Number of protein chains: 2
Amino acid sequence: MAKSTTPNKAAAVRQRGVTMNDVAKHAGVSRTAVSFVLSNRENASISEETRTRINDAVQALGYRPNAGARALASQRSDWYGLVTEIVTAPFAVDIIKGAQDQAWLDRRFLLIAPSDQADAVGPNKGLEDAAIEKLLEQRVEGLLYAATFHRGVHVPQSANEVPTVLINCFDADGKLPSIVPDERAGGRVAVERLLQAGHTRIGIINLDPVIPAAVGRLEGAREALAVAGLELDPELVVSGYATADGGYEAACRILDRYPQQDRPTALFCLNDRMAMGAYDAIKERGLTIPGDIAVIGFDNQELIAAYLRPKLTTVALPFQKMGALGVQTLAALTAGQPIIADQQLVDCPLLERSSV
Amino acid sequence: MAKSTTPNKAAAVRQRGVTMNDVAKHAGVSRTAVSFVLSNRENASISEETRTRINDAVQALGYRPNAGARALASQRSDWYGLVTEIVTAPFAVDIIKGAQDQAWLDRRFLLIAPSDQADAVGPNKGLEDAAIEKLLEQRVEGLLYAATFHRGVHVPQSANEVPTVLINCFDADGKLPSIVPDERAGGRVAVERLLQAGHTRIGIINLDPVIPAAVGRLEGAREALAVAGLELDPELVVSGYATADGGYEAACRILDRYPQQDRPTALFCLNDRMAMGAYDAIKERGLTIPGDIAVIGFDNQELIAAYLRPKLTTVALPFQKMGALGVQTLAALTAGQPIIADQQLVDCPLLERSSV
DNA sequence: GGAATTTGATAACGCGCGTTACTTGGAACG
DNA sequence: CGTTCCAAGTAACGCGCGTTATCAAATTCC
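For clarity, every value in this text was computed on a predicted model and none was experimentally measured.

(A) Representation of the overall build of chain A. Secondary structure assignment for chain A yields 13 helices and 12 strands. Relative to the 2.2 N^0.38 estimate, which gives 21 Å for 356 residues, the radius of gyration of chain A is 28 Å and therefore markedly larger than a compact globule would have. Principal-axis analysis of the C-alpha atoms gives chain A an extent of 90 × 55 × 40 Å. When the 356 residues of chain A are sorted by exposure, 52% land in the buried category. Considering only contacts in chain A between residues 6 or more positions apart, those separated by 24 or more positions represent 70%. When the 36 positive and 42 negative side-chain charges of chain A are each reduced to one mean point, those points stand 9 Å apart.

(B) Representation of the sheet that holds strand 7 (residues 237-239) of chain A in the model. Residues and elements named next belong to chain A. In space, the 6 strands of this open sheet follow the order 7-6-8-9-10-12, with mixed pairing throughout. Edge positions in the open sheet fall to strand 7 and strand 12 (350-351), since each of these has one partner strand only. Pairing geometry for strand 9 (residues 294-299) and strand 10 (residues 313-316), over 4 bridges, is parallel. Directly across from Gly-297, in strand 10, lies its bridge partner Thr-314.

(C) The nonpolar core, seen in detail. By size, the foremost hydrophobic cluster in this structure holds 150 residues, and its most contacted members are Phe-268 of chain A together with Phe-268 of chain B. Core analysis: the second largest hydrophobic core is formed by 44 residues, Ala-147 of chain A together with Trp-79, Leu-111 and Ala-113 of chain B among them.

(D) Representation of the pairing of strand 4 (residues 164-171) of chain A. All names here are of chain A. Burial analysis of strand 4 places 7 of its 8 residues in the buried class, which makes it a mostly covered element. Where strand 3 (residues 142-153) lies against strand 4, 7 bridges are found, and the strand directions are parallel. Directly across from Arg-151, in strand 4, lies its bridge partner Cys-169.

(E) Examining the protein's contact with DNA strand D more closely. Every one of the 28 residues lining DNA strand D counts as a neighbour, but Met-20, Arg-31 and Tyr-63 of chain A together with Ser-45 and Ser-47 of chain B are closest to it. Looking at DNA strand D alone, sugar and phosphate atoms form 51% of those within 4 Å of the protein. At 3.0 Å from a phosphate oxygen of DNA strand D is found a side-chain nitrogen or oxygen belonging to Arg-70 of chain A. Note that a base nitrogen of DNA strand D is positioned 2.9 Å from one of the side-chain N or O atoms of Thr-32 of chain B. Counting only elements with at least two residues in the surface near DNA strand D, the list comes to helix 3 (31-38) and helix 5 (67-74) of chain A together with helix 3 (31-38) and helix 5 (67-74) of chain B.

(F) The protein's contact with DNA strand C, seen in detail. As a structural note, the neighbourhood of DNA strand C is formed by 28 residues, with Ser-30 and Ser-45 of chain A together with Met-20, Arg-31 and Tyr-63 of chain B the closest of them. Within the side chain of Ser-30 of chain A, one N or O atom sits 2.7 Å away from a phosphate oxygen of DNA strand C. Ser-47 of chain A is positioned with one of its backbone polar atoms (N or O) 2.7 Å from a phosphate oxygen of DNA strand C. The set of elements that each furnish at least two residues to the surface near DNA strand C consists of helix 3 and helix 5 of chain A together with helix 3 and helix 5 of chain B. Across the surface near DNA strand C, the residue classes tally to 12 nonpolar, 11 polar and 5 charged.

Criteria and thresholds
Residues numbered from 1 in each chain as written. Chains lettered and ligands numbered in written order. Predicted model: local features only at pLDDT ≥ 70, side-chain atom pairs only at ≥ 80, totals over all residues. Heavy atoms only, no water. Helix = DSSP H or I, 4+ residues; strand = E, 2+ residues; numbered from the N terminus. Rg over C-alpha atoms; globule rule 2.2 N^0.38 Å. Buried < 20%, exposed > 50% of the residue type's maximum accessible area, 1.4 Å probe, protein only. Contact = heavy atoms within 4.5 Å. Lys, Arg positive; Asp, Glu negative; His and termini not counted. Charge placed at Lys NZ, Arg CZ, Asp CG, Glu CD. Pairing = 2+ DSSP bridges. Core = buried A, V, L, I, M, F, W, Y, C linked by side-chain atoms within 4.5 Å. Near = heavy atom within 4 Å. Polar contact = N/O pair within 3.5 Å; in protein donor to acceptor, adjacent residues only side chain to side chain. Nonpolar A, V, L, I, M, F, W, Y, C, P; charged D, E, K, R; others polar.

By themselves, these figures tell us nothing about what the structure is for.
Structural data, given as structure tokens:
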């Protein structure tokens, strides 16, 4: 038998699905009437009787509107695109959740496409442009662009064709609106918490000092100290790799540098992974948390913070809220409404656990 | 000014976008010719010259095909739906990544919709059905249904309208094909590794004994021991809550139960969080890892396993591979091809780090 | 009681594209 | 030279639905 004479059975059998026309026939009315009822236009004049007849027919036939056809006819798609390296590196996956939930509430769909901004010179160079291109082919009404960690990014040109909002990053060369965490306020609230617990000698385990997170959090710490009439002692700030090992090593340095009476009584670790390492350094020296040394982290990586012993008090990055706010901002933009500000700062709440 | 007289400016200005007709005019050919060239049909007879003229016009005008219209006309959508509570609880987010990557390779889009199987009697009851309904309205060609942890699930009826594949879960009442981790092989390889390192007294920190993960992993452990001529000593198996605290508590019990010479020299923790707690119990007793006690985990939760000190040797749950395999299986189903098996077991590889 | 208005509904067009059937000019053939 | 055939391309229909104009009957108004 030749190939062409045996078309794929499954595909051939697949029934057409019931359309508006079927509903119309079943109800004995025109398709227009059905359309009017289903999209319940206020100024359509359909008698209550035929209206229920139509609704009954919809039920009886199990009619399901065809979103694609609707989009084509109405020239609106109800879709947003989300371009993100989060798919690649699920560190900040809560951004997806926040955006997804909000989109669902707004009865919109999120088309998620992979990015690779992180290694824009690597083998995947161009993936991102292709992704945006694909999203535009789907006629998304707007774009969200999310990064795994707070930084400046370069968004491809093609993103300019529809409203675009950046999440957890900011436009390094343009004016695209963005949603970012308020790192400074976060640093402030962390140190305020330590001060409130009576600590005045606070060691700070810093990240790479040039990234926005480090700059902001350190500045916040400085502010909190200033309010208490204290100054930030540069000697008490040590940097390390943003890992548990880095935190361990940095904590060792700072703990061993001073005689006991001068030793800091609290450590502000600029991320939770480093706090995890600091825990080991502290415990190794026979010191207790928070009795001898209080520890406060940043990021609220649940898997770490909630499972360290004692559980880690930390400042949360508001990923979900940023995701939701991104969708809301995009909704405003696509509706032609003005947005509040080019850069929206989202609060980083303190999560009290047991390490302070 | 009345509202109706000032229609939304942004919406009004939004240009129509260039269509195939525009390309055709620009190239001086019919729209059909353009369609033939763009979907490069083999049996279309278009001269090389007009072909390039059309391609040039596409470039010049920046034409971008309308995926929705194409789907409508061709009756195929290139879309899969992914229903998952993972969006709600990002524990196994790598399933999304695996599926997403594979879908991207296959030039398909993943429409992700939230589920809430986990609290099907809670306030969100019905969310899942609504989600599937929405996906079907988008005319997805198939459905993926993913769970955060390996278990039996009940998939809504409506999922039967298109090919459906379950990931990290199995159909409790039907015959839907599923992709699940090979827990038993995982348990086996973990204990084999410990045996190979010379341990014969192995403590097992168990999960809730009724869940598939516990059943399978324990069975695998039993098999590995049997091969070595050993039996599983029920006294060496203790259960606890699947948390760090639960692991700590269980480890304490098992470590304190025996005099030193009878104490197990290795612990197989059935998940990484419990291993995290076990670490604390071990260190607290002045014992070293892996010198005095070797520890092996399960799940490979990166944030824990890669950052514990020493880094945790563990068995990985193949989330990404399961996601990819789900998409591949769905592709086979929608193409009408037979699938390999109703239930595909995916290998759980051992990740060597430093705790054995 | 005829004109104007309202109510209830429909015919018909277009959204952007895939696809089938058909047309045309020229080359090959006998 | 008439016929056949093929390369090259096009007209036209339909996918499922939103929307605008239009229409007939029922009601109101003067």
